[in-house]
Amino acid sequence: MIVSGEGKDYKAHMKKHLLKQLDVRDLPLFPKPMRLECSIQAFPPDKRGRDVDNIQKVLLDSLTGIIWEDDVQVYKVSAEKIYAEGDKNYCIVTIKEME
């Protein structure tokens, strides 16, 4: 998959935002060989057509090295996009270790 310049900028923005919220001494939060499942709720800023799989890919890539060592650790993913009223642009990501 080829990521656009806008996608690369978004990944960089996500990493910067995450690092501000986390204690960088304890990264990644989920080291190998942990098997993970991830749930994503994306709230795009407008109603332009966006493929949910592209949102998911860019987000998972941006979490690599911060939340997990490598996104190959993610064995199960669910993702949805939700168009909310007002100027929204955020994601809710829930991650847990698989049993």
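These numbers were taken from a predicted model, which means no experiment stands behind them. (Residues numbered from 1 in each chain as written. Predicted model: local features only at pLDDT ≥ 70, side-chain atom pairs only at ≥ 80, totals over all residues. Heavy atoms only, no water.)

Q: What is the right way to read the pattern of salt bridges from this model?
A: Per the counting criterion, the structure on display carries three salt bridges. The residue arginine 48 makes a salt bridge to aspartate 46 at a minimum N-O spacing of 3.3 Å. Of the residues examined, arginine 48 reaches a relative accessible area of 48% and is grouped as partly exposed. Of the charged contacts in the structure, one is a salt bridge between aspartate 61 and lysine 57, with a shortest N-O distance of 3.3 Å. Linking aspartate 61 with lysine 57, this pair stays in helix H2 (residues 52-63), spanning four residues, or about one helical turn. According to the relative accessible area criterion, aspartate 61 is buried, its value standing at 17%. Accessibility expressed as a relative area gives 34% for lysine 57, which makes it partly exposed. Taken together, the shared-partner salt bridges connect Asp46, Arg48 and Arg50 into one network. (Salt bridge = Lys/Arg side-chain N within 4 Å of Asp/Glu carboxyl O. Buried < 20%, exposed > 50% of the residue type's maximum accessible area, 1.4 Å probe, protein only. Helix = DSSP H or I, 4+ residues; strand = E, 2+ residues; numbered from the N terminus.)

Q: For this particular structure, what's the right way to read the sheet that holds strand S2 (residues 74-81)?
A: Backbone-to-backbone hydrogen bonds pair the strands of a sheet. The strands run either parallel or antiparallel. Strand order in this open sheet of three strands is S2-S1-S3, and the pairing throughout is mixed. The sheet is open, and its two borders are formed by S2 and strand S3 (90-97), each paired with just one other strand. Here the strands of the sheet are splayed against their neighbours by 15° on average, with no regard to which way each runs. Here seven bridges tie strand S1 (residues 36-43) to S2, and the two strands are oriented parallel to one another. (Pairing = 2+ DSSP bridges. Axes fitted to C-alpha atoms, helices over the stretch in contact; angles between N-to-C directions.)

Q: Just to check I follow, could you spell out the nonpolar core for this structure?
A: Soluble, globular proteins show a tendency: their nonpolar side chains are buried together. Counting 13 residues, the largest nonpolar core has Phe30, Cys38, Ile40, Leu60, Leu63, Ile67 and Trp68 as the members making the most contacts within it. Elements that contribute at least two residues to this core include exactly helix H1 (5-21), S1 and H2. Apart from residues lying up to four places away in sequence, cysteine 38 is in contact with Leu60, Trp68, Val74, Lys76, Val77, Ser78, Val93, Thr94 and Ile95. (Core = buried A, V, L, I, M, F, W, Y, C linked by side-chain atoms within 4.5 Å. Contact = heavy atoms within 4.5 Å.)

Q: What is the right way to look at the packing of H1 against H2 in this model?
A: Orientation of H1 relative to H2, taken along the N-to-C sense of each, is 45°, at an axis distance of 9 Å. In terms of orientation, H1 and H2 fall into the oblique class. Classified by chirality, the crossing of H2 by H1 is right-handed. Across the interface between the two elements, Gly7, Tyr10, Lys11, Met14, Lys15 and Leu18 of H1 pack against Val58, Leu59, Asp61, Ser62 and Leu63 of H2. Taken together, the residues of the contact of H1 with H2 break down into six nonpolar, two polar and three charged. (Parallel < 35°, antiparallel > 145°, perpendicular 65-115°, else oblique. Left-handed = near helix turned anticlockwise from the far one by under 90°. Nonpolar A, V, L, I, M, F, W, Y, C, P; charged D, E, K, R; others polar.)

By themselves, these figures tell us nothing about what the structure is for.
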